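Observations on chain architecture
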Amino acid sequence: MKILLAGGAGYIGSHTALELLEAGYEVVVADNFCNSSPESIRRVEALTGKTVAMYEADVKEKKILQKIFSEQEIQGVIHFAGLKAVGESMEKPVIYYRNNIDTTLSLLECMEEFGVKQFVFSSSATVYGEENPVPYVETMKRGACSNPYGWTKFMMEQILEDVARANPEMSVVLLRYFNPIGAHPSGRIGEDPEGIPNNLMPYISQVAVGRRDHLTVFGKDYPTKDGTCRRDYIHVADLARGHVKAIAYGASHKGVEIFNLGTGTPYSVVEIVEAFEKVNGVPVKHEFGPRRAGDLPESWADASKAEALLGWKTEKTLEDMCRDSWNWQRRNPNGYR
Ligand code: NAD
Ligand code: UFG
């Protein structure tokens, strides 16, 4: 079975490409490399000994997509192609709405034209909004988002639900990711953010490797045990395996199904810093600063539905996540560059 990974050269896409190839699927990648490098897919090919059909393509552009769909016998699509920096989305909302929503619409139009009926979407825990209590369960209503990035995910989920309702032959799986960290244990592929990282783990690794002076821990007065925010960190390899399960599930189920992909266990910022230092034997200089606007005190998944319906649960520990993040950073201090 041949799967198109839109945005497949990125952090989660490249790990998913590897897991799909290892599970026997064929993989086609379409990416404009606006936040990634083709090198990630070359390394996936080297790690698996298999080839990937790779297109440099803006997934908003229907013409290029039509060429890909006519050259490749695509049977399912996983849509990773999106802009994802929360802060940037506040400054450039139009670019975020245009990119994230147009990529989705163009993919859906081409799928209809070429009779492709299976769609898996990279959604986010951010759609639970600020009102729902933790742990988040898939049956909760989507909540108000605090930034345009979150709203694009909210809107794309709605679009996909509408499309599946109108077309009973469609299968749509919405995967709500929690906080992916870590890297492939080989240290050959990993997260390679442009510029100053927004997310915690790449920031920690860049401090550890000497690229940044210190980590600022955003806030220590939250209503948690140590006063810092708690999140559900998930190893990217576990997350990638979740996509293989979602593709298998979607092949035999029609309609929309939503799955949280998380571990179900939250850790605080301080616990992450301490675990990273302990597992890797490297210091992470850190200081406490004010809260970051828009951060929720706590976010974690009820992950039982994915276990029940997909037969998926996480296998990697926090130690694995910290070790593999550091292994990737240490071997590739400047990412793919
Ligand atoms: P990433 O930036 O590494 O990957 C996204 C990929 O999409 C990149 O390779 C980028 O070049 C590509 N892309 C963006 N716009 C494109 C376009 N118009 N045409 C073609 N390619 C395009 O990010 P990631 O962490 O791998 O995230 C993948 C998806 O998962 C995104 O949709 C993101 O919003 C979602 N997500 C990520 C997280 C996270 O913490 N990493 C959490 C929840 C959801
Ligand atoms: N943090 C710091 N210092 C930093 C960076 C982060 O203290 O330099 C803290 C944050 O305040 C937060 C925690 O580390 O408490 C995690 O922050 P991230 O930015 O790594 O992750 P978020 O939970 O804010 O957001 C992530 C993704 C979003 C996604 C959301 C829910 O970036 O795209 O998870 O899935 F929507």
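Everything below is about the structure shown above.
Read on for an overview of the structure. These numbers come from a predicted model, not from an experiment. (Residues numbered from 1 in each chain as written. Chains lettered and ligands numbered in written order. Predicted model: local features only at pLDDT ≥ 70, side-chain atom pairs only at ≥ 80, totals over all residues. Heavy atoms only, no water.)

**Let's talk about the nonpolar core**
Of all hydrophobic cores here, the largest spans 38 residues; its most connected members are L5, L20, V27, I78, L175 and L261. Listing elements by their share of this core, those giving two or more residues are β1 (2-6), α1 (11-22), β2 (26-31), α2 (39-48), β6 (171-177), α8 (236-251), β11 (255-261) and α10 (304-310). Leave out the neighbours within four places in its chain, and L5 touches G13, T16, A17, L20, V27, V28, V29, A30, I78 and F80. Counting 28 residues, the second-largest nonpolar core is a separate cluster that includes L4, A30, V59 and L65. (Core = buried A, V, L, I, M, F, W, Y, C linked by side-chain atoms within 4.5 Å. Buried < 20%, exposed > 50% of the residue type's maximum accessible area, 1.4 Å probe, protein only. Helix = DSSP H or I, 4+ residues; strand = E, 2+ residues; numbered from the N terminus. Contact = heavy atoms within 4.5 Å.)

**Overview of the site of ligand 1**
Around ligand 1 lies a shell of 28 residues, among which I12, D31, N35, S36 and K84 are the nearest. Within the backbone of Y11, an N or O atom sits 2.9 Å from an oxygen atom of ligand 1. For ligand 1, an oxygen atom lies 2.6 Å from a polar atom in the side chain of D31. Here ligand 1, which alone exposes 820 Å², has 95% of that area covered by the protein. Breaking the shell around ligand 1 down by element, the ones donating at least two residues are α1, α5 (93-114), β5 (118-124) and α6 (148-166). Here the shell around ligand 1 takes three residues from β5, the largest share from any one element. Residues that form the shell around ligand 1 fall into these classes: 13 nonpolar, eleven polar and four charged. (Near = heavy atom within 4 Å. Polar contact = N/O pair within 3.5 Å; in protein donor to acceptor, adjacent residues only side chain to side chain. Areas by Shrake-Rupley, 256 points an atom, 1.4 Å probe, with all protein chains shown as cover. Nonpolar A, V, L, I, M, F, W, Y, C, P; charged D, E, K, R; others polar.)

**Focus on the site of ligand 2**
Neighbouring ligand 2 are 20 residues, the closest being S124, N199, T216, R231 and D295. Interatomic distance of 3.5 Å between a backbone N/O atom of N198 and an oxygen atom of ligand 2. Side-chain polar atom of R231 to an oxygen atom of ligand 2: 2.7 Å apart, as the coordinates give it. Here the shell around ligand 2 takes four residues from strand β8 (residues 215-218), the largest share from any one element.

**Let's talk about helix α11 (residues 318-331)**
Taking 1.5 Å of rise per residue, 14 residues should cover 20 Å, and α11 covers 20 Å from first to last C-alpha, within 8% of that figure. A large share of α11 lies buried, amounting to ten of its 14 residues. Residues of α11 that are buried: L318, D320, M321, C322, D324, S325, W326, N327, W328 and Q329. On its buried face, α11 sits against α2, β7 (179-181), α7 (200-208), β10 (233-235), β12 (267-268) and α9 (269-280). (Expected span 1.5 Å × (residues − 1).)

**Considerations on the environment of G187**
Structurally, G187 can be placed in the loop between β7 and α7. In sequence terms G187 and R331 are 144 residues apart; their C-alpha atoms lie 6.6 Å from each other.

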